[in-house]
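Structure assessment
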Amino acid sequence: MTAGTALKWSASWLAAAALPVVLAGIATAQEWKPDRPVEIVATNAPGGGSDRIGRIIIKILQERKLVSAPVNLVNRPGGGSSVAYNYINQHPGNGHYMVMGSRSFLTNNITGHGPHYTEFTPVVRLFDEYIAVTVKPVSPIRSGKELLSFMKRDPTAISFGIATSLGAPNHSGVAAPFKAVGIDLKKTKNVIFSSGGMATTALLGGHVDVVPISAGFGSQLLRNKQVRIIAVTSPERLSGIYKDVPTWKEQGAHVVVAQWRILVGPKGMTPAQVGYWEGVMKRMMDADDWKKELEENFWIGNFQGGAESRKFLDRDYADARAFLTELGLTK
């Protein structure tokens, strides 16, 4: 064997010996899974939309054993949801923490009350939903058209319970139609609550006059005859219990307002961590019990993985900024 041949043989042997180590490293990176309790963080107090959705997801994950580690719901209300987002970013690169986000993730930043969405890792977009505008059953406001009429006469006469911040989708459920018919939004009376549940409690107690909430939450209140729903923000009427509730478009305000729900992780999550949760959530969303929740809560399934969710957030941030600039709410 010549010296050159020996050198080539030695190099080949070393490369072959190193290959299993390299492959093991790749496999380890690709096979991430949680090895300690997972926290899904709700941006509002118990009873709010983020809280309800998180609990439903955790129930399905546990019953179907889709995650080997325990998954807990943690409430971090406050700051128009910024408390929850800041909390998970205290754990950079950690795939054990995610927050149940909504469009307020974007609008809070635009209005000067929260971190920028690019400081986080999008994981999966779950579904979209519409907003229901509620009043007490004994309220003199019997329709969305009447509400518009009252507000045109005196924008200060009616108070609104808003969860969880101005400019967020719940607020847009009334602000967008008001703007469409020429009502001065700067004169409206808004009381901010940390969850839709708290805003509704204030409504039932007579402390505010109108509360816009998610259609899913509104359907429960409507079944229990706790509220009257005077408008929905969908492009056409919803089915079932909402079949007799007109849209804003039917009542003279040509607007559609959609809310979306997304799981967001802290900055620096790895592709392996995101990929793991994409797979878990896709299996959850294919489950019959999740499809039942979609139907019962008037949610519109819209699965997107991390990369698609990032592109979606880029587009929607630009749209939200343009709308809120028109409303004079940007900072």
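Everything quoted here is computed from the prediction, not taken from an experiment.

The secondary structure content of the protein amounts to 11 helices and 10 strands. Along the three orthogonal principal directions, the C-alpha set of the protein runs to about 100 × 40 × 30 Å. Burial statistics for the protein: of 331 residues in total, 53% are counted as buried. In the protein, 78% of the contacts between residues at least 6 apart in sequence involve partners at least 24 apart. Per element, the accessible surface of the protein, about 14800 Å² overall, is 55% carbon and sulfur. In the protein, the 37 positive side-chain charges and the 27 negative ones have mean positions that sit 3 Å from each other.

A few words now on helix α2 (residues 49-63). Working note: α-helix, 3.6 residues per turn, so residues spaced by three or four point in the same direction. For α2, spanning 15 residues, the distance from its first C-alpha to its last is 21 Å, which sits close to the expected 21 Å at 1.5 Å a residue. The buried count for α2 comes to 11 of 15 residues, which makes it a mostly enclosed element. For α2, the complete set of buried residues consists of G49, S50, D51, R52, I53, G54, I56, I57, I58, I60 and L61. Within two residues after α2, K65 carries a phi angle of roughly 55 degrees, on the positive side.

Attention now moves to the pairing of strand β8 (residues 228-232). For β8, the tally of buried residues reaches five of five residues, placing the bulk of the element in the interior. Alignment of strand β4 (residues 121-135) against β8, held across four bridges, turns out to be antiparallel. Its bridge partner lying in β8, V135 is registered against R228.

On to the environment of S309. Tracing the sequence through the fold places S309 in helix α11 (residues 306-326). Residue S309 is classed as buried on the basis of its relative accessible area, which comes to 0%. In this structure the C-alpha to C-alpha distance between S309 and R55, which are 254 residues apart in sequence, comes to 22 Å. Apart from the residues lying within four places of it in its own chain, the contact partners of S309 are P122, V124, R125, I262 and Q304.

Running from N to C, α2 and helix α10 (residues 288-297) cross one another at 160 degrees; their axes reach a closest spacing of 10 Å. In this view, α2 runs roughly antiparallel relative to α10, as classed from their interaxial angle. As for how α2 packs across α10, the hand of that crossing is right-handed. Contacts from R52, I56, I57, I60 and E63 in α2 reach D289, W290, E293 and N297 in α10.

This brings us to the packing of aromatic side chains. The description of two aromatic rings rests on the distance between their centres and on the angle between their planes. Under the definition given, this model contains 13 aromatic pairs. For the ring pair Y87 and Y97, a centre distance of 6.2 Å and an interplane angle of 75 degrees mean the geometry is edge-to-face. In this pair, Y87 sits in helix α3 (residues 82-88) while Y97 sits in strand β3 (residues 97-101), placing the two residues 10 residues apart along the sequence. Grouping residues by exposure puts Y87 and Y97 together as buried. An aromatic cluster of at least three residues, connected via ring pairs, comprises W32, Y276 and W277. Over the aromatic face of Y87 sits the side chain of R76, whose NZ or CZ is 3.9 Å from the ring centroid. Positioned above the aromatic ring of F303 is the side chain of K282, whose terminal nitrogen or guanidinium carbon lies 6.0 Å from the ring centre.

Scored by pLDDT, the protein comes out at a mean of 90, with 91% of its residues at no less than 70. Ranking the elements of the protein by mean pLDDT puts helix α1 (residues 3-30) last with 45 and β8 first with 98. Counted against residues more than four places away or in other chains, residues 3-29, with its pLDDT under 50, gives two contacts.

Cut-offs and rules
- Residues numbered from 1 in each chain as written.
- Predicted model: local features only at pLDDT ≥ 70, side-chain atom pairs only at ≥ 80, totals over all residues.
- Heavy atoms only, no water.
- Helix = DSSP H or I, 4+ residues; strand = E, 2+ residues; numbered from the N terminus.
- Buried < 20%, exposed > 50% of the residue type's maximum accessible area, 1.4 Å probe, protein only.
- Contact = heavy atoms within 4.5 Å.
- Areas by Shrake-Rupley, 256 points an atom, 1.4 Å probe, with all protein chains shown as cover.
- Lys, Arg positive; Asp, Glu negative; His and termini not counted.
- Charge placed at Lys NZ, Arg CZ, Asp CG, Glu CD.
- Expected span 1.5 Å × (residues − 1).
- Pairing = 2+ DSSP bridges.
- Axes fitted to C-alpha atoms, helices over the stretch in contact; angles between N-to-C directions.
- Parallel < 35°, antiparallel > 145°, perpendicular 65-115°, else oblique.
- Left-handed = near helix turned anticlockwise from the far one by under 90°.
- Phe/Tyr/Trp six-rings, centres within 6.5 Å; stacked < 30°, edge-to-face > 60°.
- Lys NZ or Arg CZ within 6 Å of the ring centre and 35° of its normal.
- pLDDT = per-residue confidence, 0-100.

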